[in-house]
Protein chains: 2
Amino acid sequence: MKQTKVISKAVIKRLPRYRRYLGELKKRGVEKISSKDLSELIGYTASQIRQDLNNFGGFGQQGYGYSVENLYNEISNILGLNKEYKTVVVGYGRLGQAMASYIEKNEKQFSIAGIFDVSDKVENEVFKGTQVHAFNDLKAFIRDNGVEVAVITVPRDKGQVVADTLVEAGIKGIWNFSSVDLELPDNVCVENVHMSDSLHALAYYMKDK
Amino acid sequence: MKQTKVISKAVIKRLPRYRRYLGELKKRGVEKISSKDLSELIGYTASQIRQDLNNFGGFGQQGYGYSVENLYNEISNILGLNKEYKTVVVGYGRLGQAMASYIEKNEKQFSIAGIFDVSDKVENEVFKGTQVHAFNDLKAFIRDNGVEVAVITVPRDKGQVVADTLVEAGIKGIWNFSSVDLELPDNVCVENVHMSDSLHALAYYMKDK
DNA sequence: TAGATTGTTAATCGATTAACAATC
DNA sequence: TAGATTGTTAATCGATTAACAATC
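This report concerns the structure included in the present document. (Residues numbered from 1 in each chain as written. Chains lettered and ligands numbered in written order. Predicted model: local features only at pLDDT ≥ 70, side-chain atom pairs only at ≥ 80, totals over all residues.)

Points about the protein's contact with DNA strand C
Note the cut-off: Defining nearness, a residue is near a molecule or strand when the C-beta atom obtained from its backbone falls within 6 Å of it. Runs of E in the DSSP output that reach at least two residues are strands. Runs of H or I that reach at least four are helices, and both are numbered from the N terminus. Under the grouping applied here, Gly and all other residues not named as nonpolar or charged are polar, the nonpolar ones being Ala, Val, Leu, Ile, Met, Phe, Trp, Tyr, Cys and Pro and the charged ones Asp, Glu, Lys and Arg.
Near DNA strand C there are 27 residues, and of these Ser8 and Gly63 of chain A together with Gly58, Gly60 and Gly63 of chain B occur at the shortest range. Those elements giving two or more residues to the surface near DNA strand C turn out to be helix 3 (46–54) of chain A together with helix 2 (35–42) and helix 3 (46–54) of chain B. Looking at which element gives the most residues to the surface near DNA strand C, the answer is helix 3 of chain B, with six residues. Here the surface near DNA strand C is built from residues that sort into six nonpolar, 19 polar and two charged.

Here it is, written out as structure tokens:
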């Protein structure tokens, strides 16, 4: 499964966006699209779209364009969205609940196996059909259930402790909402959602308007 | 207030991160730091750090380094975090509540003036001291209270309608969690938090590990 | 003063765009 | 076949890194 050619991060960050727009087109019943038309829709140049896609293979047909359905599927495969990931949410506050219910509703590839909270008081609660467990059971749960992905929605100061536990348990990927940059071994992947960075960039944009 | 020199988006995206680390250092009582030491901490090259900062002015001192406190303040100013932004949250679901309480707690520069919901049933509820209003009152509220920033936490299909209303009311910046790319006039700033894009990038990283 | 470290220019690297031959 | 549009190479552009003179 190793990629022979290294794909730049810029390209990877664009892939989910392609997929999102292609999903829309598919839903609207559009069958084919040219890089030019997709360009107008998505806001990248046609040239860039073709470059990006050709990192992974020739998915189009000269003189015709791209099959929307086919391209959607290819990109889904490239992203690894052709399998299911058992997922836990760690942190049963408002954000944890929001993310658990978002995933349940919108991300079919990620199935919520359990929710965990650092405080033990919420133990044995059930959130939308998912059991809430105590943090102490996290490690065993991940191992016993083959959980690959964890969503961290605990406050800043607990982020690293939670991450350490997840790593010990053999987690493969972490979706991190905890506002700290986690120290992780190389074999664990992380995607950070730094709320404050995003909001502060907005403040900057507003300045010279 | 117009920036004479155009600053690239890559630089802007790094500024909040600088500020975050400098804030940490300040809290720990560190008084000065060299670009080399900051580099090791933050993970950008020392050269890049000096380049980035010198887009805005010479904040350091040869042979010494940068004053942590001073640099923190300078970056805060650059980002526009030296003033207060009246803010509304539109969408009173779990995510809306999570973001309202996050902002209240962590983002002193953004003061939550009101929360709005598309359904009218939550009207006159109070969330952590903030009044929840009906969507119908949004436009007038923004105008009457000089609200500059709106956080959109409604589902995908309502995103554009909400944005249109905000624009009509004269909003200046939108922090968008609604998973659609909003159509906005040029004078309105937007920062998108596309949850699914972020999660799907994580899936990609996990593939060849 | 000597040492350290910035500010800034120049060199390199990588990513985007343009161009066009291949081909459906 | 003619027209359209891809795949891919070459040219351009921009961002990062290296180097070093300025100076505290």
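Structural notes on the interface of chain A and chain B
Let me state the cut-off plainly: Note on contacts: each residue gets a C-beta atom placed from the backbone, and two residues are in contact if those atoms are within 7 Å.
Between chain A and chain B, the contact holds 43 residues from the first and 43 residues from the second. Secondary-structure elements contributing two or more residues to the side of chain A that touches chain B are helix 1 (9–27), helix 5 (94–106), strand 8 (173–176), strand 9 (189–192) and helix 8 (195–207) of chain A.

Comments concerning the relation of the copies chain A and chain B
This is how the line gets drawn: Alignment of the copies relies on least squares applied to C-alpha atoms, considering only residues that score at least 70 for pLDDT in both.
The two copies are related by a screw operation: chain A maps onto chain B through 180 degrees of rotation and 0.0 Å of translation along the axis, at an RMSD of 0.0 Å. Such a combination of rotation and displacement between the chain copies is what one expects of a two-fold axis. Looking at the interface residues of chain A, 100% of them are also at the interface in chain B, so both copies use one shared face.

A short note on the sheet that holds strand 7 (residues 149–152) of chain A
Residues and elements named next belong to chain A. Quick reminder of the rule: Strand pairing is assigned whenever DSSP detects at least two bridges linking the two strands.
Read across the sheet, seven strands follow the order 5-6-4-3-7-8-9 without closing on themselves; strand pairing throughout is mixed. A strand with exactly one partner marks an edge of an open sheet, and here the two such strands are strand 5 (126–127) and strand 9. By the bridge criterion, four bridges tie strand 8 to strand 9 in an arrangement that is parallel. By the bridge assignment, Ile174 is partnered in strand 9 with Val190.

Details of the packing of helix 5 of chain A against helix 5 (residues 94–106) of chain B
Condition: Think of each axis as a best-fit line through the C-alpha atoms, taken over the contacting stretch in the case of a helix, with angles from 0 to 180 degrees between the N-to-C directions. Note that the term roughly parallel is reserved for angles under 35 degrees, roughly antiparallel for angles over 145, roughly perpendicular for angles of 65 to 115, and oblique for everything else. By definition, any crossing whose near helix is turned counterclockwise from its far helix by less than a right angle is left-handed, and any crossing with a clockwise turn is right-handed.
Running from N to C, helix 5 of chain A and helix 5 of chain B cross one another at 150 degrees; their axes reach a closest spacing of 8 Å. Between helix 5 of chain A and helix 5 of chain B, the angle is such that the two are roughly antiparallel. Of the two elements, helix 5 of chain A crosses helix 5 of chain B, and the hand of that crossing is left-handed. Along the contact surface, helix 5 of chain A presents Arg94, Leu95, Gln97, Ala98 and Ser101 of chain A, while helix 5 of chain B presents Arg94, Leu95, Gln97, Ala98 and Ser101 of chain B. Across the contact of helix 5 of chain A with helix 5 of chain B, the residue classes break down as four nonpolar, four polar and two charged.

Examining the pairing of strand 4 (residues 110–117) of chain A
All names here are of chain A. Rules: Whether a residue is buried, exposed or partly exposed is read from the other C-beta atoms within 10 Å of its own C-beta, which are placed from the backbone; 20 or more gives buried, 12 or fewer gives exposed, and intermediate counts give partly exposed. Crossover handedness is defined here as right-handed if the route from the first strand over the helix to the second strand goes clockwise, with the strands pointing away from the viewer.
Summarising burial for strand 4: seven of the eight residues are buried, a large majority. As paired elements, strand 3 (residues 85–90) and strand 4 share six bridges and run parallel to each other. Within the sheet, the bridge partner assigned to Val88 lies in strand 4 and is Gly114. Remark: the strand 3/helix 5/strand 4 crossover connection has right-handed handedness. Summarising the sheet, strand 4 and strand 6 (residues 130–134) pair through three bridges and their orientation is parallel. The partner of Ile115 across the bridge, within strand 6, is Val132.

What about the protein's contact with DNA strand D?
Every one of the 27 residues lining DNA strand D counts as a neighbour, but Gly58, Gly60 and Gly63 of chain A together with Ser8 and Gly63 of chain B are closest to it. Those elements that place two or more of their residues in the surface near DNA strand D are helix 2 (35–42) and helix 3 of chain A together with helix 3 of chain B. Considering only residue class, the surface near DNA strand D consists of six nonpolar, 19 polar and two charged.

Notes on the packing of helix 8 of chain A against helix 1 (residues 9–27) of chain B
Any two packed helices are characterised by the angle at which their axes cross and by the distance between the axes. For the pair helix 8 of chain A and helix 1 of chain B, interaxial distance at closest approach is 9 Å and the crossing angle is 120 degrees. Relative to helix 1 of chain B, the element helix 8 of chain A is oriented oblique. The handedness of the crossing between helix 8 of chain A and helix 1 of chain B is right-handed. Between helix 8 of chain A, through Ser196, Asp197, His200, Ala201 and Tyr204 of chain A, and helix 1 of chain B, the contact on the second element is made entirely by Ile12, Lys13, Leu15, Pro16, Arg17, Arg19 and Arg20 of chain B.

Examining the pairing of strand 7 of chain A
All names here are of chain A. Here strand 7 shows two buried faces, one formed by Val149 and Val151 and the other by Ala150 and Ile152. Direction of pairing for strand 7 relative to strand 8: parallel, over a ladder of four bridges. Counted as the bridge partner of Ile152 is Asn176 from strand 8. Where the polypeptide runs from strand 7 across helix 7 (residues 159–168) and back to strand 8, its parallel neighbour, the crossover connection is right-handed.

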